[in-house]
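Secondary and tertiary structure notes
Okay, here's what each chain looks like letter by letter:
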Amino acid sequence: MPARLGDGSRFALRQIRHPDLALLGTIGWWGFNIGVLYACFQAFGHAPPLAVVVQAYFVGMLANLLPLPGGIGGVDAGMIGTFVAFAPARASR
């Protein structure tokens with residue numbers, strides 16, 4: 001276990017020192033996906049804080065790892081669950 005941790009740490013440091021263009025493309029892909037999700041919220045008039053949108057996106061991607069038949073619903077459920085959990089309290093009228 002310690003050898004694997006050391007190997008992983010050295011690999012991560014090497015990637016930081018000499019970044020691969022594919023890694024930059026991945027970060028750009030995530031950034032644009034999050035930007036589109038935030039723009040959609042803005043278009044419909046109620047956008048949660050950007051930090052909540054980022055967290056919901058990554059929780060949805062994590063939920064994508066669930067072994068669901070056909071991959072149906074994992075991402076959606078993860079994102080919706082995060083948005084519901086972090087929904088700001090609305091004042092009652």
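Our subject is the structure that appears above.
So, here is what we can say about the structure in this document. (Residues numbered from 1 in each chain as written. Predicted model: local features only at pLDDT ≥ 70, side-chain atom pairs only at ≥ 80, totals over all residues. Heavy atoms only, no water.)

Looking now at the nonpolar core. With nine residues, the main nonpolar core is built from Ile34, Leu37, Val52, Val53, Ala56, Tyr57, Val75, Met79 and Phe83. At the level of secondary structure, the elements contributing two or more residues to this core comprise α2 (21-43), α3 (50-63) and α4 (74-85). When residues of this core are assigned to their parent elements, the largest contribution, four residues, is made by α3. With sequence-adjacent residues up to four places away left out, alanine 56 is seen in contact with Met79, Thr82 and Phe83. (Core = buried A, V, L, I, M, F, W, Y, C linked by side-chain atoms within 4.5 Å. Buried < 20%, exposed > 50% of the residue type's maximum accessible area, 1.4 Å probe, protein only. Helix = DSSP H or I, 4+ residues; strand = E, 2+ residues; numbered from the N terminus. Contact = heavy atoms within 4.5 Å.)

Taking 1.5 Å of rise per residue, the 12 residues of α4 would be expected to cover 16 Å, and the 16 Å separating its terminal C-alpha atoms lies within 8% of that figure. On its buried face, α4 sits against α2 and α3. (Expected span 1.5 Å × (residues − 1).)

Packed helices, taken two at a time, are described by the angle their axes make and the gap between the axes. Closest axis-to-axis distance for the α2/α3 pair is 10 Å, and the angle between their directions is 120°. Considered as vectors, α2 and α3 are oriented oblique to each other. Judged by the sense of rotation from one axis to the other, the crossing of α2 with α3 is right-handed. Contacts between α2 and α3 involve Trp29, Trp30, Asn33, Ile34, Leu37 and Tyr38 from the first element and Leu50, Val53, Val54, Tyr57 and Phe58 from the second. Grouping the amino acids of the contact of α2 with α3 by side-chain chemistry returns 10 nonpolar, one polar and no charged. (Axes fitted to C-alpha atoms, helices over the stretch in contact; angles between N-to-C directions. Parallel < 35°, antiparallel > 145°, perpendicular 65-115°, else oblique. Left-handed = near helix turned anticlockwise from the far one by under 90°. Nonpolar A, V, L, I, M, F, W, Y, C, P; charged D, E, K, R; others polar.)

The next point concerns the environment of alanine 56. With respect to the element layout, alanine 56 can be found in helix α3. In this structure alanine 56 comes out as buried when scored by relative accessible area, which is 0%. A sequence separation of 26 residues divides alanine 56 from threonine 82, and the C-alpha atoms of the two residues are 5.2 Å apart.

Bringing the environment of valine 53 into the picture now. Looking at the secondary structure, you find valine 53 in helix α3. Spatially, the C-alpha atom of valine 53 lies 9.4 Å from that of phenylalanine 41, the residues being 12 residues apart in sequence. With sequence-adjacent residues up to four places away left out, valine 53 is seen in contact with Ile34, Leu37, Tyr38, Pro48 and Phe83.

The next subject is the packing of α3 against α4. Between α3 and α4, the shortest axis-to-axis distance is 7 Å and the interhelical angle comes to 150°. The way α3 lies across α4 gives a crossing that is right-handed. Residues Val52, Val53, Gln55, Ala56, Tyr57, Val59, Gly60, Met61 and Ala63 of α3 form the contact with α4, whose participating residues are Gly74, Val75, Gly78, Met79, Thr82 and Phe83. Residue classes in the contact of α3 with α4 are distributed as 10 nonpolar, five polar and no charged.

Okay, the environment of aspartate 76 next. Counting through the fold element by element, aspartate 76 comes out in helix α4. The class of aspartate 76 is partly exposed, set by a relative accessible area of 47%. In sequence terms aspartate 76 and glycine 60 are 16 residues apart; their C-alpha atoms lie 6.5 Å from each other.

Remember, this is a structural readout, not a statement about activity or role.
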